[in-house]
Amino acid sequence: MKRIPATGVRRMARHAAAATTFNSAEDHIVTSHLTRRDFHRRCAALAATGLLARTATAAEAPFQLNYIVASCMYGKAPLSEILPEVRKTGAEYIEIWAERHGNQREQIDEMGPDAFAELLKQNNVKLGSFTCFKYGIFNMQGEMDLVRRLGGDMVICNSGGPKGLTGDELKSAVKSFAGKLRPHVDAAADRGLILGLENHSGSLISSQDAQLMLLDAIPSPHLGIALAPYHMPQDPQLLADHIRTLGDRLVHIQAWEHGMGCMTKLPKDQELMQLPHRGPLDWTPLLAALKEIDYQGRTEIFMHPVPRGIPILDTTDAVTAEINAARDYLSGCLQNIG
């Protein structure tokens, strides 16, 4: 049986809870009309089994972000050092990055998938996704197989060029790209996975228009946008509106802003301005939009150091503390939304 992608699962549970009544204390859900006495009697029986309580929790839990840690935030530190940090950041998922940003993907090859799976188990961490730009989006099917084997549900890549197209040229290029991409989306669907496409500024699928054109061309829930706000205009309202437009096709988001950029070596305080709470971007409108669409994908606190492949700060403890500082800021923004 194929897995239902994470996006929308909570919404399905909420809708089911709102629209149905319960037939017995076992596990049958029906839409028949009950007397008030029957309804309360059956709800009491279900509560005894725990099913009703679980359904109510799924329906009524307040909106919150579902965090994932990018392995490359720790540079090329060993997975045995990174995985114990994941839960300390309020996350339960790890995203594996490959050279040149990190080398944890290569570490998995060196230790073997079974050894990596055991490390995940020992640290109570789940694999979420692989981001492997080095393979290119048309060479990800081997990665899909490994992600599926390890219990993950997504592979992420960018589209590649050409970049900077507009108008009819953009429409034609996106149409051609969509035709080439469809078999790879089908491959993801066959494996019960999602293919997340990052809107990299050096790629064909970078602008809002290009993203929406592609999603219209391939209306599959197994293709979505892995949104990097860094690569878009730093306008909070524009970003929030785009999140609303993407809706369920938003499958991953990086809490990553432009700050002073990531292409030139800068003093560390300036480099860290890519992170929420360090940079000038107001994340409250973005989080309000995520709440409005009931976003159930994962959120990745992120930045790129210069040069690539080094940790964002000198020690593992310092990296974890910086991720938590950004998470505290995002939590404050959510509280301001109410």
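Within each chain, residues carry numbers counting from 1 in the order of the written sequence. Local features in a predicted model are, by the rule used here, given only for residues with pLDDT of at least 70; side-chain atom pairs are given and counted only at 80 or more, and totals for whole chains, interfaces and linings are based on all residues. Side-chain measures here rest on the full set of heavy atoms in the structure, leaving out hydrogens and waters.

Engineer: Talk me through the side chain of Arg 191; I want residue IDs and the actual numbers.
Structural biologist: Structurally, the position occupied by Arg 191 is in the loop between α8 (167–190) and β7 (194–198). Side-chain polar atoms of Arg 191 contact the side chain of Asp 145, separated by 2.5 Å. In this structure, Arg 191 is in contact with Gln 141, Met 144, Asp 145 and Arg 148, ignoring residues within four places of it in sequence. Put simply, DSSP marks the helices as runs of H or I at least four residues long and the strands as runs of E at least two long, and each gets a number from the N terminus on. Here a polar contact means two N or O atoms within 3.5 Å. Within protein one must be a hydrogen donor candidate and the other an acceptor candidate, and residues neighboring in sequence count only if both atoms are side-chain atoms. By definition in these notes, contact holds between two residues if any of their heavy atoms fall within 4.5 Å.

Engineer: Give a detailed account of the sheet that holds strand β6 (residues 154–158), specifying residues and quantitative values.
Structural biologist: Taken in spatial order, the eight strands close into a barrel running β3-β4-β5-β6-β7-β8-β9-β10, and their pairing is parallel. Each adjacent strand pair in this sheet contributes to an overall mean axis angle of 30 degrees, direction not counted. Pairing between two strands requires that DSSP report at least two bridges joining them. Pairing between strand β3 (residues 66–70) and strand β10 (residues 298–301): three bridges, direction parallel. Considered in β10, the bridge of Ile 68 is made with Glu 300. Angular values range over 0 to 180 degrees, each being the angle between N-to-C directions of two axes fitted as lines to C-alpha atoms, with helices fitted over their stretch in contact. Against the sheet, helix α9 (residues 208–217) makes contact with β7 and β8 (223–227), and its axis sits at roughly 160 degrees relative to β8, the strand it touches most.

Engineer: Tell me what's going on with the packing of aromatic side chains, and back it up with residues and numbers.
Structural biologist: Aromatic pairs are defined between Phe, Tyr and Trp rings, using the six-membered ring for Trp, whenever the two ring centres lie within 6.5 Å; interplanar angles under 30 degrees are classed as stacked, those over 60 as edge-to-face, and all others as tilted. Applying the stated rule across the entire model yields five aromatic pairs. Seen in terms of ring centroids, Trp 97 and Phe 302 are 5.0 Å apart; in terms of plane orientation they differ by 20 degrees. Their pairing is stacked. Taken together, the residues span a long stretch of sequence, with Trp 97 in strand β4 (residues 93–97) and Phe 302 in the loop between β10 and α13 (316–337) at a distance of 205 residues. Residue classification places Trp 97 among the buried positions, given a relative accessible area of 1%. A centroid spacing of 5.0 Å and a plane angle of 75 degrees characterise the contact between Trp 256 and Phe 302, whose relative ring orientation is edge-to-face. Taken together, the residues span a long stretch of sequence, with Trp 256 in the loop between β9 (250–255) and α11 (268–271) and Phe 302 in the loop between β10 and α13 at a distance of 46 residues. As far as burial versus exposure is concerned, Trp 256 and Phe 302 are alike and both buried. Placement of a charge over a ring requires the Lys NZ or Arg CZ to be within 6 Å of the ring centre, with the centre-to-atom vector within 35 degrees of the ring normal. Of note, Arg 298 hangs over the ring of Tyr 93, and the distance from its end group to the ring centre comes to 4.7 Å. Accessibility here uses a 1.4 Å probe with only protein chains present; expressed as a share of the type maximum, an area under 20% marks a residue as buried, one over 50% as exposed, and anything in between as partly exposed.

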